Amino acid sequence: MKISPTIIYTIIVSLGGFIFGFDASVISGTLNFIVTEFDLSSIEQGFVVSAPTLGAIIATVTAGILADRFGRRNLLIVIALLYLLSAVASAFSTSYWMLVSARFIGGLAFCSLMIAPMYIAEISQPEKRGKLVSINQLNIVIGFSAAYFANYYVLELSQSSASWVSGIGLDTHTWRWMLGLEIVPALAWFILLFYVPRSPRWLALKGQDTQAISVLKQLNENDEQHDYQQDIEQIKRSLENKDTSLLASLKYLFNSKIRFAITIGIIVGIAQQITGINAIFFYAPSIFEQSGVGTNAAFAQAVLVGVINVLFTIAAMMLIDKLGRKPLLTIGLAGVSLSMALCAYGFSQATYKLTADDIESLVVKEQSLAKLMDVQGKTYQSDVEFKQTIVKLVGQQTFSAHQGDILKLAATMNATVILLGILGFVASFAFSLGPVMWVMFSEIFPNHVRGIAISFVSVINSIVSFTVTFVFPWELEVLGSAFTFLIYGAFAFIALILVVRLFPETKGKSLEQIEAEMAS
């Protein structure tokens with residue numbers, strides 16, 4: 001059976017989602033290596049992880065404007081080039097600030113998260129739009145999963161005694177290989193985007209009716225009897241008596257006719273990040289290390305996070321155009337709240353104690369860990385107190401290098417509860433906030449200001465994301481794991497109440513229908 005052009009172009013454009021997912025989560029496997037190599041504090045660690053999100057904030061301020069001015073496809077090509085440059089520079093970074101700068105450049109490309117759904121929504125038929133836009137989110141979670149798999153196998157290979165491993169520097173430059181793998185998909189996406197047509201709605205908005213009709217015929221090659229001129233006229237009617245200049249578009253964001261749509265966009269944009277998803281994705285191995293399972297097992301559990309993410313995103317794709325956007329958000333936010341409460345409970349029950357045998361086994365790996373004899377046999381009820389004591393004895397760099405082994409020996413807790421809580425959170429997010437937010441962003445704003453409106457709410461989303469990822473290492477250090485996850489669960493519960501009381505349903509409606517209803 002022949003695959004429709006719409007699906008082919010959707011897959012190509014959504015490859016940017018895969019690269020985003022890979023870029024965002026691959027850092028999780030490199031943290032211990034980077035912290036040790038550059039001797040980073042918790043704040044510096046948070047900054048190297050959150051630097052891309054800082055870039056995303058800046059990019060999303062202008063991305064919608066640029067998309068409306070130069071077109072969705074042309075901007076995506078530039079975005080692909082930024083991903084490629086970032087991957088190369090990250091892999092060859094020679095200092096902390098060079099790595100931060102390289103990741104910042106990659107963050108400028110994160111605006112693909114708003115431009116790709118915008119493009120896909122504009123080439124899709126109403127009854128398939130939710131599912132097609134969700135392909136971008138599916139590629140994001142596949143990218144997350146691919147990064148976890150890649151990190152795990154690179155780590156395993158780096159510990160091999162094979163001569164070729166040392167020959168290519170895999171054992172001594174493990175983190176560079178992890179980051180450098182992104183070069184391959186980024187280059188492929190950059191090339192493939194040149195084969196994607198421009199958005200027919202964007203062409204119509206620019207008065208290029210002939211080209212717009214040509215693209216519509218290309219997208220719907222099996223529907224030769226359709227009146228495409230009527231589609232163009234419907235798009236143009238949505239622009240009647242509307243000033244599409246930049247200044248007018250900015251002013252329109254504060255118009256009462258779009259206020260409800262902006263409010264919905266802000267709520268879902270904040271909820272998607274403030275519930276902690278990027279803390280989980282970006283720090284997954286580090287979080288599992290806190291449960292005392294050890295470094296290699298932590299990497300393996302991160303792979304499981306990726307698999308669950310993919311499976312529940314697929315489930316959401318199958319149901320988003322059947323159940324609708326609001327039911328998925330309601331179910332998912334309830335699951336997020338309960339899962340974070342479970343994690344908080346699991347960590348709150350933990351105790352930490354090092355025996356003489358534990359310390360002797362650690363000294364074999366690092367002589368300076370003999371200083372841990374000062375805490376031999378002492379039980380700690382708080383992960384914060386325990387880690388602060390260890391850092392005072394051996395120093396931050398030594399603790400970071402051996403944190404997984406120390407916590408594995410010292411921690412007594414139900415690691416299964418923690419694992420179930422994290423997996424439940426990921427499943428709930430993948431079923432709701434992950435795909436639904438971008439679908440709603442692509443639907444709820446009027447045609448003539450869609451780009452700039454998505455930019456506005458995406459900037460807010462990115463600011464919250466940056467804050468969450470930046471402060472997460474500090475939260476673990478100062479507040480502890482239990483309280484940190486409890487905060488995320490509380491935010492999810494607040495978001496659940498707002499969704500139930502305020503959110504509309506948009507499934508099965510044309511973009512022009514949604515525009516009219518939101519304005520009323």
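The structure presented is a predicted model; accordingly, all values stated were derived computationally and were not measured.

Novice: Sorry, what's going on with the overall build of the chain here?
Specialist: Scanning the chain for helices and strands turns up 27 helices and two strands. Relative to the globule expectation of 24 Å for 520 residues, the C-alpha radius of gyration of the chain, 24 Å, shows essentially globular dimensions. Each principal axis of the C-alpha distribution contributes one length, and for the chain these read about 80 × 50 × 45 Å. For the chain, with 520 residues in total, the buried portion stands at 58%. Considering only contacts in the chain between residues 6 or more positions apart, those separated by 24 or more positions represent 82%. When the accessible surface of the chain is summed, it comes to about 20100 Å², and 63% of that surface belongs to carbon and sulfur atoms. For the chain, the centre of its 33 positive side-chain charges and the centre of its 36 negative side-chain charges are spaced 8 Å apart.

Novice: Even after reading the chapter, I still don't get the pattern of salt bridges, so can you show me in this structure?
Specialist: Should the charged atoms of two oppositely charged side chains come close, the side chains can pair. Evaluation of the coordinates by the stated rule reveals three salt bridges. For arginine 176, the salt bridge identified is with glutamate 37, shortest N-O distance 3.5 Å. In this pair, arginine 176 sits in helix 9 (residues 174–180) while glutamate 37 sits in helix 2 (residues 31–38), placing the two residues 139 residues apart along the sequence. Residue class for arginine 176 comes out buried when judged on its relative accessible area of 16%.

Novice: For this particular structure, what's the right way to read the packing of aromatic side chains?
Specialist: The relative placement of two aromatic rings is captured by the distance of their centres and the angle of their planes. Throughout the structure, instances matching the rule amount to 16 aromatic pairs. When the centroid spacing of 4.6 Å and the interplanar angle of 80 degrees are considered together, the rings of phenylalanine 20 and phenylalanine 110 count as edge-to-face. In this pair, phenylalanine 20 sits in helix 1 (residues 5–26) while phenylalanine 110 sits in the loop between helix 5 (96–108) and helix 6 (112–123), placing the two residues 90 residues apart along the sequence. For the pair shown, phenylalanine 20 and phenylalanine 110 are each scored as buried.

Novice: I'm lost on the packing of helix 6 against helix 7 (residues 126–158) in this one. Help?
Specialist: Packed helix pairs are specified by the crossing angle of their axes together with the interaxial distance, meaning the distance between the axes. Two elements in contact, helix 6 and helix 7, have axes whose closest approach is 9 Å; the angle formed by their N-to-C orientations is 150 degrees. Taken as axis vectors, helix 6 and helix 7 run roughly antiparallel relative to one another. The hand of the helix 6/helix 7 crossing is right-handed. Listed contacts from helix 7 to Leu113, Ala116, Pro117, Ile120 and Ala121 of helix 6 are Arg129, Leu132, Val133, Asn136 and Ile140.

Novice: Even after reading the chapter, I still don't get unusual backbone geometry, so can you show me in this structure?
Specialist: Glycine aside, residues mostly have negative phi, and peptide bonds are mostly found in the trans state. For aspartate 39, which is not glycine, the phi torsion reads 50 degrees and is therefore positive. Tracing the backbone shows aspartate 39 in the loop between helix 2 and helix 3 (42–70). Given a relative accessible area of 43%, aspartate 39 falls into the partly exposed group.

Novice: Sorry, what's going on with a nonpolar patch on the surface here?
Specialist: Where nonpolar side chains cluster on the molecular surface, the patch consists of Ile43, Trp474, Val478, Leu479, Phe483 and Leu486 and spans about 510 Å² of accessible area. When residues of the nonpolar patch are traced back to their parent elements, those giving at least two are helix 25 (450–478) and helix 26 (481–502). Looking at the secondary structure, you find leucine 486 in helix 26. Residue leucine 486 is classed as partly exposed on the basis of its relative accessible area, which comes to 45%.

Novice: I tried to follow helix 12 (residues 209–219) on my own but got confused; where do I start?
Specialist: Each full turn of the α-helix corresponds to 3.6 residues, which orients residues three or four apart in the same direction. When we look at burial in helix 12, the residues that qualify are Ala212, Ile213, Val215, Leu216 and Leu219. The arc that holds the buried residues of helix 12, viewed along the axis, is 160 degrees, so those residues lie on one side.

Novice: Would you take a moment to explain helix 1 for this structure?
Specialist: Its 22 residues give helix 1 an end-to-end C-alpha distance of 32 Å, which sits within 8% of 32 Å, the value for a rise of 1.5 Å per residue. Valine 13 marks where helix 1 bends most, by close to 30 degrees. Taken across its 22 residues, helix 1 has 19 buried, putting it largely inside the fold.

Novice: Explain the environment of proline 446 here, please?
Specialist: Along the chain, the position of proline 446 falls in the loop between helix 24 (433–444) and helix 25. Using a relative accessible area of 6% as the deciding quantity, one classes proline 446 as buried. C-alpha separation for the pair proline 446 and isoleucine 514, spaced 68 residues apart in sequence, amounts to 8.2 Å.

Cut-offs and rules
- One numbering rule holds for all chains: residues counted from 1, following each sequence as written.
- Local features in a predicted model are, by the rule used here, given only for residues with pLDDT of at least 70; side-chain atom pairs are given and counted only at 80 or more, and totals for whole chains, interfaces and linings are based on all residues.
- Hydrogens and water are ignored here; the side-chain numbers use all heavy atoms of the structure.
- Starting at the N terminus, helices and strands are each numbered in turn, a helix being any DSSP run of H or I of at least four residues and a strand any DSSP run of E of at least two.
- Throughout, radius of gyration means the C-alpha value; the globule benchmark is 2.2 Å times the number of residues raised to the power 0.38.
- Note on exposure labels: buried denotes an accessible area under 20% of the residue type's maximum, exposed denotes more than 50%, and partly exposed covers the range between, all computed with a 1.4 Å probe on protein chains only.
- Whether two residues are in contact is decided by their heavy atoms: any pair within 4.5 Å suffices.
- Surface accessibility follows the Shrake-Rupley procedure with a 1.4 Å probe radius. Residue values consider only the protein chains on display as shielding.
- In summary, the charge assignment counts Lys and Arg as positive and Asp and Glu as negative, without counting His or the chain termini.
- Every charge is mapped onto a representative atom, which is NZ of Lys, CZ of Arg, CG of Asp or CD of Glu.
- Salt bridges are counted wherever a side-chain nitrogen of Lys or Arg sits within 4 Å of a carboxyl oxygen of Asp or Glu.
- Centres within 6.5 Å make a pair out of two Phe, Tyr or Trp rings, where for Trp the six-membered ring is used; the pair is then stacked when the planes are under 30 degrees apart, edge-to-face when over 60, and tilted otherwise.
- Interaxial angle, 0 to 180 degrees, is taken between N-to-C directions of lines fitted to C-alpha atoms, where a helix line uses only the stretch in contact.
- Oblique is the label for any angle not covered by the other classes, which are roughly parallel (under 35 degrees), roughly antiparallel (over 145) and roughly perpendicular (65 to 115).
- Crossing handedness follows the turn of the near helix against the far one: under a right angle anticlockwise gives a left-handed crossing, and clockwise gives a right-handed one.
- What goes into a patch is any residue over 30% in relative accessible area without a salt bridge, connected to like charges within 9 Å or, for nonpolar side chains (Val, Leu, Ile, Met, Phe, Trp, Tyr), within 5 Å.
- Here the arc refers to the directions that run from the helix axis out to each C-beta atom.
- Multiply 1.5 Å by the residue count of a helix minus one, and that product is the helix's expected span.
- Axes are fitted to the seven residues ending at a residue and to the seven starting at it; the angle between these axes is taken as the bend at that residue.

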